[in-house]
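Tertiary structure, described
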Amino acid sequence: MAIPVIDFSKLEGKERGETLARIADGCEDWGFFQLVNHGIPVELLERVKKVCSECYRLRAEDFKASKTVQLLNKLVEEKGDAADAKRLDNVDWEDVFLLQDDNEWPANPPEIRETMREYREELRKLAEKVMEVMDENLSFEKGSIKNAFSGNGEHQPFFGTKVSHYPPCPRLDLVNGLRAHTDAGGVILLFQDDQVGGLQILKDGQWIDVQPVANAIVINTGDQIEVLSNGRYKSVWHRVLTTSDGNRRSIASFYNPSLKATIAPGTNKDDSATTLYPKYAFGDYMDVYVKQKFLQKRSRGSRQ
């Protein structure tokens, strides 16, 4: 099985209906799909790769001194190759920095701020286009999901970017790249490494690789899209495996509701389905999620 790869440009042509159906299938059956010909210039994507990889190179020594590396080194010193060595199940083998509208960004390399501002604006626009497609497929009024995320325009939706690198790991058996979880928010847009794999989703009880595709943007639906669609769209478990060689780059952007937004299943004129989720404030959901990110979703209180 392979994650669907969809040509986003075909929405504008005679294959629009087929493309809408493929995106609907990606949301309903997979919770993940990949977009190619999405409109983001390849030249910009190449600059993003370059500045993020250079930024990680400048941060590499700090990662070697991180708590995660120290914990693994201590475990190996104590247990060596013993079969009973306990995995480090509460940490991730991941170097991370966050880019938001209101936090301090890395200053080096010098090009990173301009490049990532340009990239984030392109991703923000792509996220809104994807949400409009979801509106259409769900028979919602145009702009419904965006309006839900903004409290009908009263609040600013959250948009953040997480830049991650997964360095080579000496003990793949003892630590995760990123623990299995679902994403709390709305639409997630991932520019993943096209050389080093490791991202997997859980489908039908099996872990399936999200295959690297050059210059694709991976889309996945978060918990709030699952609720707004009344369970029709899936927020699925995913994880990142450690690798013994290669430094995996992963740039995930999150278009989420405002913390003040109220989230509840959306409706359309043909919808007679039983409502599967209660109404709640996204901020209340996040208060629970940050404590229970790696637990089953039912424990977070988003379902009745």
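Everything below is about the structure shown above.
Residues numbered from 1 in each chain as written. Predicted model: local features only at pLDDT ≥ 70, side-chain atom pairs only at ≥ 80, totals over all residues. Heavy atoms only, no water.

Overview of the environment of asparagine 137
Looking at the element boundaries, asparagine 137 is found in helix H4 (residues 112-137). Taking relative accessible area as the criterion, asparagine 137 reaches 14% and is therefore assigned buried. C-alpha of asparagine 137 to C-alpha of leucine 20: the two residues are 117 residues apart in sequence and 6.9 Å apart in space. Within the structure, the side chain of asparagine 137 is placed 3.0 Å from the backbone oxygen of leucine 20, a separation counted as a polar contact. (Helix = DSSP H or I, 4+ residues; strand = E, 2+ residues; numbered from the N terminus. Buried < 20%, exposed > 50% of the residue type's maximum accessible area, 1.4 Å probe, protein only. Polar contact = N/O pair within 3.5 Å; in protein donor to acceptor, adjacent residues only side chain to side chain.)

Looking at the sheet that holds strand E12 (residues 238-240)
Taken in spatial order, the 4 strands of this open sheet run E7-E12-E9-E10, and their pairing is antiparallel. Of all the strands in the sheet, just strand E7 (178-181) and strand E10 (206-209) have a single pairing partner and so form its edges. Taken over all neighbouring pairs, the strand axes of this sheet differ in orientation by 25° on average, direction set aside. Strand direction decides the pairing type here: strand E9 (residues 199-203) and E12, joined by 3 bridges, are antiparallel. When the bridges of E12 are listed, leucine 199 appears paired with valine 240. (Pairing = 2+ DSSP bridges. Axes fitted to C-alpha atoms, helices over the stretch in contact; angles between N-to-C directions.)

Examining helix H1 (residues 16-30)
For H1, with 15 residues, the first-to-last C-alpha span of 20 Å sits near the 21 Å given by 1.5 Å per residue. Every buried residue of H1 is listed here: Thr19, Leu20, Ile23, Ala24, Gly26, Cys27 and Trp30. Each element contacted by the buried residues of H1 is listed here: strand E1 (5-7), strand E2 (32-36), H4, E9, E10 and strand E11 (217-221). Following H1 by one or two positions, glycine 31 has its phi on the positive side, about 80°. (Expected span 1.5 Å × (residues − 1). Contact = heavy atoms within 4.5 Å.)

Observations concerning the sheet that holds strand E4 (residues 95-99)
If you walk across this open sheet you meet the 7 strands as E1-E2-E11-E8-E13-E5-E4, and the pairing is mixed. Looking along the sheet, the strands with just one partner apiece sit at the ends: E1 and E4. Neighbour to neighbour, the strand axes of the sheet diverge by 25° on average, direction disregarded. Bridge count between E1 and E2: 3 bridges; the pairing is parallel. Paired with valine 5 across the strands is glutamine 34, a residue of E2. Each of E2, E4, strand E5 (158-166), strand E8 (187-192), E11 and strand E13 (248-256) touches H4; the most contacted strand, E13, lies at about 55° to it.

Here we look at the packing of aromatic side chains
A full pass over the atoms with the stated rule returns 7 aromatic pairs. Plain terms: the ring middles of phenylalanine 63 and tryptophan 93 are 5.3 Å apart, the flat faces sit at 90° to each other, and that makes the pair edge-to-face. On the criterion of sequence distance, the pair formed by phenylalanine 63 in helix H2 (residues 42-64) and tryptophan 93 in the loop between strand E3 (88-92) and E4 is long-range, its members being 30 residues apart. When its relative accessible area of 6% is taken as the criterion, phenylalanine 63 is described as buried. You can call tryptophan 93 buried: its relative accessible area is 5%. The rings of Tyr280, Phe282, Tyr285 and Tyr289 are connected pair by pair, giving a single aromatic cluster. The side chain of arginine 117 reaches across the aromatic face of tryptophan 105, ending 5.3 Å from its centre. Positioned above the aromatic ring of tryptophan 30, the side-chain terminus of lysine 203 is 4.7 Å from the ring centre. (Phe/Tyr/Trp six-rings, centres within 6.5 Å; stacked < 30°, edge-to-face > 60°. Lys NZ or Arg CZ within 6 Å of the ring centre and 35° of its normal.)

Points about the pattern of salt bridges
Scanning the model with the defined rule gives 22 salt bridges in all. A salt bridge links arginine 59 to aspartate 95; its shortest N-O distance comes to 3.0 Å. Of this pair, arginine 59 sits in helix H2 while aspartate 95 sits in strand E4; the two residues are 36 residues apart in sequence, bridging distant segments of the chain. Taking the shortest distance from any N to any O, the salt bridge between aspartate 101 and arginine 124 comes out at 3.6 Å. Of this pair, aspartate 101 sits in the loop between E4 and H4 while arginine 124 is found in helix H4, placing the two residues 23 residues apart along the sequence. (Salt bridge = Lys/Arg side-chain N within 4 Å of Asp/Glu carboxyl O.)

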